[in-house]
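Descriptive structure summary
Take a look at the letters that make up each chain.
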Amino acid sequence: MKMIKAIIRPEKEGDVLRQLESEEIYGMTKVDVLGRGKQRGVQVGDTIYEELSKLMLIIVVKDDECQKAVNAISKAAFTGHYGDGKIFISPMEEVYTIRTGETQT
Amino acid sequence: MKMIKAIIRPEKEGDVLRQLESEEIYGMTKVDVLGRGKQRGVQVGDTIYEELSKLMLIIVVKDDECQKAVNAISKAAFTGHYGDGKIFISPMEEVYTIRTGETQT
Amino acid sequence: MKMIKAIIRPEKEGDVLRQLESEEIYGMTKVDVLGRGKQRGVQVGDTIYEELSKLMLIIVVKDDECQKAVNAISKAAFTGHYGDGKIFISPMEEVYTIRTGETQT
């Protein structure tokens, strides 16, 4: 299994979730976060915003579903401007479902 | 070391923490999150709740404590209904304690 | 790549970010969390605070930048008292930048 953490623009949430659903990926956890990239925020007129509101979506998928999940997220979250976000993929050793007691590796 | 991320019902927080304490696991970090599983939320009457409030508990344990932590969480978080949550176990390469400078692997 | 999750005192955020910038590490994501360590919160007079507000900083760095990032965080977050926090280092398999389509491993 893989854990995918995607940092996206909050306004892209709906598009990203619908794109994931079209790939039959439904489960997700989300957290409001603040973030910035290498360019350290944005300047609008005279005002510098050092940190921007982002949404962190956490999804856990089987190894062979990881690429399609990344494709779905990146396609739906893309605008082409700074701040589109990042997708982090990390290894997951075990996933335990509390209701059923089922374990997946 | 392992990092355990448990997504649980918020109302089970007290039970889960007490169960972990009974196993001498005290340290934890928690975050309010929204989430949904494969069934995409719940329907109550005519209203569909696509996302539900959950609590993400993050705990880091030694490899040989991981199973008892998972057992404690899943026992205390269980109701038998959809939405009981998931427990994710991922590898942790190093844990550094800022106050003491101590490193654990 | 490595993912560094640092749980620090919220009031140390500015110092930690400036120290990371002095090492040319600019990108970060942050989340407000509640946490406690082995000592289970603090007692102030008669009042016990079981959980304390912390900041979780998430940064992703190349393997050879990990040590300097940990050094920067731990130096700037240190007070010497309980509650200075922890730094967790976990493996990251892939990082995808949505705007450019670039992948780093």
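Residues numbered from 1 in each chain as written. Chains lettered and ligands numbered in written order. Predicted model: local features only at pLDDT ≥ 70, side-chain atom pairs only at ≥ 80, totals over all residues. Heavy atoms only, no water.

1. Some details on the nonpolar core
For soluble globular proteins, nonpolar side chains are generally found buried alongside one another. This is how the line gets drawn: The nonpolar core is taken to be a set of buried Ala, Val, Leu, Ile, Met, Phe, Trp, Tyr and Cys residues, with the residues joined through side-chain atoms within 4.5 Å. Three labels apply to residues, based on accessible area from a 1.4 Å probe with only protein chains included: buried if under 20% of the type maximum, exposed if over 50%, partly exposed otherwise in between. The contact rule is simple, with two residues in contact once any of their heavy atoms fall within 4.5 Å.
Ranked by internal contacts, the top residues of the largest apolar core, which has 30 residues, are Val-31 and Met-56 of chain A, Val-31 and Met-56 of chain B together with Val-31 and Met-56 of chain C. Contacts of Met-56 of chain A, omitting those with residues within four sequence positions, involve Lys-5, Ala-6, Ile-7, Thr-29, Lys-30, Val-31 and Val-33 of chain A together with Ile-58 of chain C.

2. Concerning the relation of the copies chain B and chain A
This is how it is decided: When the copies are superposed, the least-squares fit draws on C-alpha atoms of residues that have pLDDT of at least 70 in both.
Between chain B and chain A, which share one sequence, the superposing operator has a rotation angle of 120 degrees and an axial displacement of 0.0 Å; the RMSD is 0.0 Å. Taken together, the rotation and translation describe the operation of a three-fold axis. Closest approach to the rotation axis within chain B is made by the C-alpha atom of Pro-91 of chain B, at a distance of 4.3 Å. The fraction of interface residues of chain B whose copies in chain A are also interface residues is only 10%, indicating that the copies meet through different surfaces.

3. Points about the interface of chain B and chain A
Put simply, the test is: By convention, the term buried area covers the 1.4 Å-probe accessible surface removed from two parts as they join, with the contributions of both added. The term salt bridge refers to a side-chain nitrogen of Lys or Arg lying within 4 Å of a carboxyl oxygen of Asp or Glu. A 3.5 Å cut-off defines polar contacts: any pair of N or O atoms within that distance qualifies, except that in protein one atom must be a possible hydrogen donor and the other a possible acceptor, and neighbouring residues in sequence count only when both atoms are side-chain atoms. Numbered from the N terminus, helices here are DSSP runs of H or I no shorter than four residues, and strands are runs of E no shorter than two. Amino acid classes used here: Ala, Val, Leu, Ile, Met, Phe, Trp, Tyr, Cys and Pro are nonpolar; Asp, Glu, Lys and Arg are charged; the rest, including Gly, are polar. One requirement defines pairing of two strands: DSSP has to find at least two bridges between them.
Taken residue by residue, the interface counts 30 residues in chain B and 22 residues in chain A. Per-residue buried area on chain B facing chain A is highest for Arg-36, Phe-88 and Ile-89 of chain B; these three make up 25% of the total on that side. For the pair chain B and chain A, the number of links is 4 salt bridges. Summed over the shared surface of chain B and chain A, the number is 11 residue pairs in polar contact (both at pLDDT 80 or more). Of all the secondary-structure elements, those providing two or more residues to the side of chain B that touches chain A are strand S1 (2-8), strand S2 (28-36), helix H2 (66-77) and strand S6 (86-91) of chain B. Tallied by class, residues from the side of chain B that touches chain A come to 14 nonpolar, 7 polar and 9 charged. Bridging between strand S2 (residues 28-36) of chain A and S2 of chain B involves 3 bridges; their strand directions are antiparallel. Bridge pairing links Met-28 of chain A to Arg-36 of chain B in S2 of chain B.

4. Describing the interface of chain A and chain C
Across the contact, 30 residues belong to chain A and 22 residues belong to chain C. Of the roughly 2300 Å² buried between chain A and chain C on both sides combined, carbon and sulfur atoms contribute 60%. Per-residue buried area on chain A facing chain C is highest for Arg-36, Phe-88 and Ile-89 of chain A; these three make up 25% of the total on that side. Taken together, the connections running from chain A to chain C amount to 4 salt bridges. The partner of Glu-51 of chain A in a salt bridge is Lys-30 of chain C, and the shortest N-O contact between them spans 2.7 Å. Across the chain A-chain C interface, the total number found is 11 residue pairs in polar contact (both at pLDDT 80 or more). Among the elements of the structure, strand S1 (2-8), S2, helix H2 (66-77) and strand S6 (86-91) of chain A are those that each provide at least two residues to the side of chain A that touches chain C. Looking at the side of chain A that touches chain C residue by residue, the class counts come to 14 nonpolar, 7 polar and 9 charged.

5. So, the environment of Lys-62 of chain B
All names here are of chain B. As for its placement among the helices and strands, Lys-62 is situated in the loop between strand S5 (52-61) and H2. Put simply, Lys-62 and Met-1 are 61 residues apart on the chain and 4.4 Å apart in space, counted from C-alpha to C-alpha. Filtering out sequence-adjacent residues up to four positions away, Lys-62 remains in contact with Met-1 and Gln-104.

6. Details of empty space enclosed by the protein
The condition is simple: Whether a set of points on the 1 Å grid over the protein atoms alone is a cavity depends on a 1.4 Å probe fitting there but being unable to get out, while an open set qualifies as a pocket with protein on both sides within 12 Å along at least five of seven lines; lining residues are those with an atom within 4 Å of a point. Grid points are joined across faces, edges and corners, and a volume is the space filled by probe spheres set on the points.
Evaluation of the coordinates by the stated rule reveals 2 cavities of 30 Å³ or more. Counted as a void, the largest cavity has a volume near 70 Å³. What lines the largest cavity is a set of 14 residues, and nearest its centre among them are Lys-5 and Ser-90 of chain A, Ser-90 of chain B together with Lys-5 and Ser-90 of chain C. Only S1 and S6 of chain A, S1 and S6 of chain B together with strand S1 (2-8) and strand S6 (86-91) of chain C provide two or more residues apiece to the lining of the largest cavity. In this model, the second largest cavity occupies a volume close to 60 Å³. In this structure, the second largest cavity is lined by Lys-5, Val-31, Met-56 and Ile-58 of chain A, Lys-5, Val-31, Met-56 and Ile-58 of chain B together with Lys-5, Val-31, Met-56 and Ile-58 of chain C. Of all elements in the fold, only strand S5 (52-61) of chain A, S5 of chain B together with strand S5 (52-61) of chain C reach the threshold of two or more residues within the lining of the second largest cavity.

7. Brief notes about the side chain of Lys-54 of chain C
Residues and elements named next belong to chain C. How we decide: Only four residue types enter the tally: Lys and Arg on the positive side, Asp and Glu on the negative side, with His and both chain ends excluded.
Within the element layout of this structure, Lys-54 appears in strand S5. As a buried residue without a salt bridge, Lys-54 has its nearest oppositely charged side chain in Asp-84, at a separation of 6.8 Å. With residues up to four places along the chain from it excluded, the contact list for Lys-54 reads Ile-7, Ile-8, Arg-9, Pro-10, Val-31, Asp-32, Val-33, Gly-35 and Gly-83.

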